[in-house]
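Take a look at the letters that make up each chain.
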Amino acid sequence: MKAITVEPKKPGSARYEDFPEPEENEGSVLVEAVAVGVCGTDVEIVAGKYGWAPPGKTRLVLGHESLGRVIDPGPRSSLKPGDLVVGIVRRPDPVPCPNCAVGEWDMCTNGQYTERGIKEIHGFMSQRWRSEPEYLIKVDPSLGILGVLLEPMTVITKALEQVYLAGQRSFWEPRTALVTGAGPIGLLAALRLRANNLEVHVLDRADTGPKPDLVHALGGTYHTGSALDLDFDPDIIVECTGVGSVIGDSIQKVGSGGIICLTGIGAGGVGAGAVADVAAAVVLKNNLIVGSVNANKRHWYRAGQNLARSDREWLSRLITRREKPENFQQALVRQPNDVKTIIQFSEV
Ligand SMILES: [Zn+2]
């Protein structure tokens, strides 16, 4: 079969190549790839900044935002041939830490977890892949290709769970939400916050392309510029850029008792002098800043339900580009109007 593989930490080593069929010990369910979403993590791995091959191997199959069709359900799953499934990305660490021991591998405390397509387990950018049934989520068949959005939806399902759990620390009636960054995660956050009946505002640099219309279609308000210029103080901010200045502005702008959830990963930014100003704002307004990464099975299950309930036409507008596997290099280069690019291996 063919696969998109990379030698981790070696820039320029990615290629679409002949690769051995998945090994039986990779799982009892055999799946045919339909599509795999591309995200910034894939770009970083291909650039040699990140990633680990499986033990004893030099190359890693890339890809963690999967959608596939069951070929062989194996002896111990309730799946049927033809079912659409998505593979869970993270596996608990082998120690395990207390969180992994209870299935909350997204909260792993020792960092020894593994992740498909990222850390020590092959990903999903191969014509066929295997999984154990407990790490597969069956997708509502009416979603079709939109099932490839399930992994990004898990990220936001967990992040909003964290926000609402944190909100229980006091009497809290959030009415307004700001999302910074209108990429796939930010737009899915806006979708879910609207579903929770909040007044939703989205801030991004882009003033053209599909993003403003996608926000308007949800009944949200689209902004460019600084969060500091908004004429309201948000009760919830979901930060999806990882940009230091955007994070700093968000923390200073959030309303009294408000909660900021950080989901973006960046580097550098706000200097040491500004940290005290930001901290003072947090203290004086009783704010809470919560970081959120990855998702456990509860979030995957709920994300599947959330995706199935969402407007198909709106979701389909998030997939702005489809590339063939042999053109994966083009898929990894961001174009101005991209929201989510997918690599399509077969028809749904
Ligand atoms: Zn752990």
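Heads up: the structure comes first, above all this text.
Since the model is a prediction, treat every value here as computed from it, not as a measurement. (Residues numbered from 1 in each chain as written. Predicted model: local features only at pLDDT ≥ 70, side-chain atom pairs only at ≥ 80, totals over all residues. Heavy atoms only, no water.)

Visitor: I would appreciate a short explanation of the coordination of the zinc ion in the present structure.
Guide: Reference values for coordination geometry: four tetrahedral donors around a metal ideally subtend 109.5 degrees, six octahedral donors ideally subtend 90 or 180 degrees. Within the protein, the atoms that donate to the zinc ion are Asp93 (OD), Cys97 (SG), Cys100 (SG) and Cys108 (SG), at distances of 1.9 to 2.3 Å. Each donor residue of the zinc ion lies on one chain, and together they are spaced D-x3-C-x2-C-x7-C. The two residues Asp93 and Cys100 agree in class, both being buried. (Donors = N, O, S within 2.8 Å, 3.2 Å for Na, K, Ca; no water. Buried < 20%, exposed > 50% of the residue type's maximum accessible area, 1.4 Å probe, protein only.)

Visitor: How do you make sense of the side chain of Ser310 when you look at a structure like this?
Guide: Mapped onto the fold, Ser310 is located in the loop between α8 (297-309) and α9 (312-316). According to the relative accessible area criterion, Ser310 is buried, its value standing at 8%. Polar contacts involving the side chain of Ser310 include one to the main-chain carbonyl oxygen of Asn306, which spans 2.7 Å. For Ser310, the contacting residues outside a window of four places in its chain are Met153, Leu191 and Leu315. (Helix = DSSP H or I, 4+ residues; strand = E, 2+ residues; numbered from the N terminus. Polar contact = N/O pair within 3.5 Å; in protein donor to acceptor, adjacent residues only side chain to side chain. Contact = heavy atoms within 4.5 Å.)

Visitor: Please explain the sheet that holds strand β12 (residues 176-180) as it appears in this structure.
Guide: Spatial ordering of the open sheet is given by β14-β13-β12-β15-β16-β17, a layout of 6 strands whose pairing is parallel. Sheet topology places β14 (221-223) and β17 (288-291) at the edges, where each strand pairs with a single neighbour. With direction set aside, neighbouring strand axes in the sheet form an average angle of 20°. By the bridge criterion, 4 bridges tie β12 to strand β15 (residues 236-239) in an arrangement that is parallel. By the bridge assignment, Thr180 is partnered in β15 with Glu239. Across the sheet, helix α3 (residues 150-167) lies against β15, β16 (259-262) and β17, angled at about 150° from β16, the strand it touches most. In the packing of helix α6 (residues 244-253) onto the sheet, contacts are made with β12, β15, β16 and β17, and the angle to β15 comes to roughly 170°. (Pairing = 2+ DSSP bridges. Axes fitted to C-alpha atoms, helices over the stretch in contact; angles between N-to-C directions.)

Visitor: Help me understand the pattern of salt bridges, please; the structure alone is not making it clear to me.
Guide: Pairing is possible between side chains that carry opposite charge, provided their charged atoms lie close to one another. Taken as a whole and judged by the stated rule, the model has 22 salt bridges. A salt bridge links Arg128 to Glu21; the shortest N-O distance between them is 2.6 Å. Linking Arg128 in strand β10 (residues 128-131) with Glu21 in the loop between β2 (15-18) and β3 (29-37), this pair joins segments that are 107 residues apart in sequence. Judged by its relative accessible area of 40%, Glu21 is partly exposed. Residues Asp83 and Lys138 are paired through a salt bridge, measuring 3.9 Å at the closest nitrogen-oxygen approach. A residue pair is termed long-range when its members are at least 10 positions apart, and Asp83 in the loop between β5 (65-72) and β6 (84-87) and Lys138 in strand β11 (residues 136-138) qualify at 55 residues. A network of salt bridges, in which partner residues are shared, links Glu104, Glu161, Arg298 and Arg302. (Salt bridge = Lys/Arg side-chain N within 4 Å of Asp/Glu carboxyl O.)

Visitor: Teacher, can you tell me more about the nonpolar core here?
Guide: When a protein is soluble and globular, its nonpolar side chains tend to lie buried together. Met125, Val238, Trp314, Leu315 and Leu318 are the most contacted members of the largest nonpolar core, which totals 90 residues. The greatest single-element share of this core, amounting to 7 residues, is contributed by α3. Counting residues in hydrophobic clusters, the runner-up holds 11 residues, among them Leu203, Phe232, Val254 and Val282. (Core = buried A, V, L, I, M, F, W, Y, C linked by side-chain atoms within 4.5 Å.)

Visitor: So what exactly am I meant to see when it comes to helix α4 (residues 184-195) here?
Guide: Count 3.6 residues to each turn of an α-helix, and residues three or four apart come out pointing the same way. For α4, spanning 12 residues, the distance from its first C-alpha to its last is 16 Å, which sits close to the expected 16 Å at 1.5 Å a residue. In terms of burial, α4 is a largely internal element, 9 of the 12 residues being buried. Immediately downstream of α4, the backbone of Asn197 shows phi near 65°, a positive value. (Expected span 1.5 Å × (residues − 1).)

Visitor: What am I meant to see in the packing of α3 against α4 here?
Guide: Angle between the axes and distance between the axes: these two values describe a pair of packed helices. Two numbers describe how α3 lies on α4: the axes approach to 9 Å, and their chain directions differ by 55°. Taken as axis vectors, α3 and α4 run oblique relative to one another. Crossing of α3 over α4 shows right-handed handedness. Touching Pro152, Met153, Val155, Ile156 and Leu160 of α3 are Ile185, Leu188, Ala189, Leu191, Arg192 and Leu193, all from α4. Of the residues assigned to the contact of α3 with α4, the class counts are 10 nonpolar, no polar and 1 charged. (Parallel < 35°, antiparallel > 145°, perpendicular 65-115°, else oblique. Left-handed = near helix turned anticlockwise from the far one by under 90°. Nonpolar A, V, L, I, M, F, W, Y, C, P; charged D, E, K, R; others polar.)

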